[in-house]
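Next come the chains, spelled out residue by residue.
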Amino acid sequence: MKRLLLVVFIATLGMPFTAAQAEYLIKFSHVVAPGTPKGKAADLFAKLVNERMKGKVKVEVFPNSQLYNDDKVLEAMRLNTSRTTGIMAAPSLSKFVKFSDTLQAFDLPYLFDDMNDVHKLVDSPLMDKMTDGLGKKGLRALTVWDNGMKVFSIKGDHPLRKVPDDFTGKKFRIQSSNVAEAMIKALGGTPQKLPFKEVYTALAQGVVDGQENAWSNIYSKKFYEVQSYISVSNHSYLGYLVVVSQDFWQHLPKDIRAQLTEILKEATTANRQYAAEADKEDRKKIEEDHYAKVVELTPQERAAWKQACQPVWTQFRGEIGGELLDEITGLLKK
Ligand code: LMR
């Protein structure tokens, strides 16, 4: 039934488009708040396209899972056969698990020390290698947008510091990533995959005890108001792959594709700035609000978490590809 509704909905997307007086309409769907690094970059992209490509292309942004939630959007994109109305989205890299083995590398705990490491990989030719396979799945990767490094939050009488003790008996919401699932188990906890839209309620009602996310999501969705502690673990990266349906993209006139690519580049530069700012400012606002207490891990604690996560690397080496992983770690000098 749900699938039928989705098909009907997609079919209506393919109907002749007149309302916006443009030849092409792009519906940009995302799940976070408009004020986050992804939300702001999507709005900037829409603003620049709507100003500079008036009459040719119009972009409409749908934030907060209004149009599709996490996993549904990729399916919708693949089902959409319209050549005049396209769907664009920026799901987190963790949500491509059904479509790409190689992108799972991004979820490996402690692959990146910081955002400079992330940009080294994202800006390298390895990124094309990692996204090439998506074409066969009907998706076209356009760029990567940042959110930031992830931290862990928990409800309880003490923060997450010791592994596995502080994770034992606790349930953690994760995205649809199998690597994240293995990571939570390696740290001693119990993982539970849930769409982003359901996280606040799951935390508030005690369906899960904790979660991992970047500061801007913890702040904008008020997760910190229903959590007791946040451990600054910076254990992995939350970033997004901006994608569009391959069929829609290939059938756009060349000059339109080129102009959209150019504007996306500008939005990507701005996104990195937004993300760097949010990382500091949203953390500060959370600290000032005094709902959840923010704790730093000692170097020894961080080393113990990292050590506990080592089996995850071994477990996923085959799926990701040993050679690719060696190239990535070589690039990052790990
Ligand atoms: C999450 O599900 O936690 C994130 O992927 C949400 C987002 O898009 O930042």
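Residues numbered from 1 in each chain as written. Predicted model: local features only at pLDDT ≥ 70, side-chain atom pairs only at ≥ 80, totals over all residues. Heavy atoms only, no water.

Our next topic: the overall build of the protein chain. Scanning the protein chain from terminus to terminus reveals twelve helices and eleven strands. For 334 residues, the compact-globule estimate of 2.2 N^0.38 gives 20 Å, and the protein chain sits close to it at 20 Å. Put simply, the protein chain has 334 residues, and 53% of those count as buried. Sequence separation of 24 or more characterises 77% of the internal contacts of the protein chain that already satisfy a separation of 6 or more. Looking at the protein chain as shown, the accessible area adds up to about 14,600 Å², and 51% of this sits on carbon and sulfur atoms. For the protein chain, the separation between the mean place of its 46 positive charges and that of its 41 negative charges on side chains is 4 Å. (Helix = DSSP H or I, 4+ residues; strand = E, 2+ residues; numbered from the N terminus. Rg over C-alpha atoms; globule rule 2.2 N^0.38 Å. Buried < 20%, exposed > 50% of the residue type's maximum accessible area, 1.4 Å probe, protein only. Contact = heavy atoms within 4.5 Å. Areas by Shrake-Rupley, 256 points an atom, 1.4 Å probe, with all protein chains shown as cover. Lys, Arg positive; Asp, Glu negative; His and termini not counted. Charge placed at Lys NZ, Arg CZ, Asp CG, Glu CD.)

Bringing the sheet that holds strand β10 (residues 237-245) into the picture now. Taken in spatial order, the five strands of this open sheet run β2-β1-β3-β10-β4, and their pairing is mixed. A single partner strand is all that each edge strand has here, and the edge strands are β2 (57-62) and β4 (139-149). Across the sheet, the mean angle separating the axes of adjacent strands is 20° when strand polarity is ignored. The strands that helix α2 (residues 37-52) touches are β1 (24-29), β2, β3 (85-89), β4 and β10; relative to β2, the one it contacts most, it runs at about 160°. Relative to β4, helix α10 (residues 254-289) is tilted by about 15°, and along the sheet it contacts β1, β2, β4 and β10. (Pairing = 2+ DSSP bridges. Axes fitted to C-alpha atoms, helices over the stretch in contact; angles between N-to-C directions.)

Turning to the domain arrangement of the protein chain, a few remarks are in order. Assigned domains within the protein chain: domain 1 (2-98 + 119-146 + 239-280) and domain 2 (151-237 + 282-333). Taken over C-alpha atoms, the centre of domain 1 sits 27 Å from the centre of domain 2. Facing the 29 residues of domain 1 at the interface are 21 residues of domain 2. Across the domain 1/domain 2 interface, buried area totals approximately 2,100 Å², and carbon plus sulfur atoms make up 57% of it. Across the contact surface, domain 1 and domain 2 share one salt bridge. Taken together, the links from domain 1 to domain 2 amount to eight residue pairs in polar contact (both at pLDDT 80 or more). (Domains from an automatic or database assignment. Buried area = accessible area lost by both parts, 1.4 Å probe. Salt bridge = Lys/Arg side-chain N within 4 Å of Asp/Glu carboxyl O. Polar contact = N/O pair within 3.5 Å; in protein donor to acceptor, adjacent residues only side chain to side chain.)

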